[in-house]
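Take a look at the letters that make up each chain.
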There are 2 protein chains.
Amino acid sequence: MPKRLLVDMDGVMADIYQQAINFEFAESGRKIRMEDVEGKDEIVAFPNAKRHVNERGFFRNAPVMKDAQEVLRALHDVYEIYIVSAAMEFPTSLEEKYEWLQEHFPFISWKNIILCGSKVPVTGDILIDDHYKNLDPFVNRTLLFTQPHNTKEDRGHERVNSWQEVAALLL
Amino acid sequence: MPKRLLVDMDGVMADIYQQAINFEFAESGRKIRMEDVEGKDEIVAFPNAKRHVNERGFFRNAPVMKDAQEVLRALHDVYEIYIVSAAMEFPTSLEEKYEWLQEHFPFISWKNIILCGSKVPVTGDILIDDHYKNLDPFVNRTLLFTQPHNTKEDRGHERVNSWQEVAALLL
């Protein structure tokens, strides 16, 4: 039986920081730089994010994280992959996330998508996520995908800085 | 720690048979009776169901199953409840299901909603569901909620015919 690999969407497959920067720039002309948001919680880093994530298109048009498509396609041959996204906080994102996955990751079946609130009841052998709140309670192997909000802390998860590093560990 | 109770939506919380009957009647004037669909797969019982479930409003306006609100509110005081719905097959249903839950079960937090394809990765102590495909692989306690499509078979799950019977077993 292949190992079950759980993969987070926002900040792992989808470049949500770039999208928040895009939305802030479109609204105010203010260009937020990555070094400005380092180590800050996302809500602090992007003062208008709470509104932007509820706007149509925020998730649907988010850029794909570099190398995510190629590496996930290769992982798909070896692992049982489930996409697990804490989407329920933003109900307008639900259909957008489904459509985004269909467009950019058509090899992922609808059977293997989980949109939830808490990820605690979802089990697997490996979890790739950028949030400690999801990784900390997970009982099996955890990969912390580097994002500006998580760089200042180390809670003992394996850190990966790119999809190439994920490939080096898991393929 | 409270036990984790997983509850299916369609055919358990939402009266999807009644809704399929309503949609068929609205379209063709044909009044399907419960005794006509006994023991039949839902797709066979409702020839236009595949189209109807993808129409806006099908899930949003589904009737609530008798006594589901009162019993789930009482269960909510005792169990950690997660709503687990295999909604990903019908992407237009995602936001509708969230809104339906908000309207009829406002005491269920968004954190405790899981919309998925396969339910296999979702774990809990008890699962209430009307489909064998979800109950058979579940490792802990299983309650089969009676619906016309599941009456002709017995695969060893505890059968419940109403929410009052759920209450009698779990409260």
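Quick note: structure is the one above.
Residues numbered from 1 in each chain as written. Chains lettered and ligands numbered in written order. Predicted model: local features only at pLDDT ≥ 70, side-chain atom pairs only at ≥ 80, totals over all residues.

A description of the relation of the copies chain B and chain A should follow, citing residues and the corresponding values.
After a rotation of 180 degrees and a shift along the axis of 0.0 Å, chain B superposes on chain A with an RMSD of 0.0 Å. In the structure described here, the two chain copies are related by an operation that fits a two-fold rotation axis. Of all interface residues in chain B, 100% are interface residues in chain A too; the two copies therefore contact each other through one and the same surface. (Least-squares fit on C-alpha atoms with pLDDT ≥ 70 in both. Contact = placed C-beta atoms within 7 Å.)

Which residues make up the pairing of strand β1 (residues 4–7) of chain B, and what values go with them?
Consecutive side chains along a regular strand alternate between the two faces of the sheet. Note: β1(B) against strand β2 (residues 80–85) of chain B, 4 bridges, orientation parallel. Each bridged residue has a counterpart across the sheet, and for B:L6 the counterpart in β2(B) is B:Y82. (Pairing = 2+ DSSP bridges. Helix = DSSP H or I, 4+ residues; strand = E, 2+ residues; numbered from the N terminus.)

Summarise the pairing of strand β3 (residues 113–116) of chain B; cite the residues concerned and give the values.
Alternating positions in β3(B) separate into two faces, B:I113 and B:L115 on one and B:I114 and B:C116 on the other, with burial throughout. With 3 bridges connecting them, strand β3 (residues 113–116) of chain A and β3(B) associate as antiparallel partners. Bridge pairing in β3(B) places A:I114 opposite B:C116. Direction of pairing for β2(B) relative to β3(B): parallel, over a ladder of 3 bridges. Following the sheet pairing, B:I83 is matched in β3(B) by B:I113. Tracing the backbone out of β2(B), into helix α6 (residues 93–104) of chain B and back to the parallel element β3(B) gives a crossover that is right-handed. (Buried ≥ 20, exposed ≤ 12 C-beta atoms within 10 Å, placed from the backbone. Right-handed = clockwise from strand over helix to strand, strands pointing away.)

Which residues make up the environment of B:L169, and what values go with them?
Structurally, B:L169 is set in helix α8 (residues 163–170). Along the primary structure B:L169 and B:L143 are separated by 26 residues, whereas in three dimensions their C-alpha atoms are 9.6 Å apart.

Could you give me a rundown of the sheet that holds strand β6 (residues 158–160) of chain B, with the residues and numbers involved?
The 12 strands lie next to each other as β6(A)-β5(A)-β4(A)-β1(A)-β2(A)-β3(A)-β3(B)-β2(B)-β1(B)-β4(B)-β5(B)-β6(B), forming an open sheet whose pairing is mixed. Edge positions in the open sheet fall to β6 (158–160) of chain A together with β6 of chain B, since each of these has one partner strand only. Each adjacent strand pair in this sheet contributes to an overall mean axis angle of 25 degrees, direction not counted. Relative to β6(A), strand β5 (residues 141–145) of chain A runs parallel, the two being bridged by 3 bridges. (Axes fitted to C-alpha atoms, helices over the stretch in contact; angles between N-to-C directions.)

Tell me about helix α1 (residues 16–28) of chain B, and please be specific about residues and values.
Residues spaced three or four apart along an α-helix point in a common direction, a consequence of the helix completing one turn every 3.6 residues. Residue and element names in this part refer to chain B. Compared with an ideal rise of 1.5 Å per residue, which puts 13 residues at 18 Å, α1 spans 18 Å between its outermost C-alpha atoms and is within 8% of the ideal. All of the buried residues in α1 are I16, Y17, Q19, A20, I21 and F23. Elements in contact with the buried residues of α1: α4 (49–52). G29 lies just past α1 and shows a positive phi near 75 degrees. (Expected span 1.5 Å × (residues − 1).)

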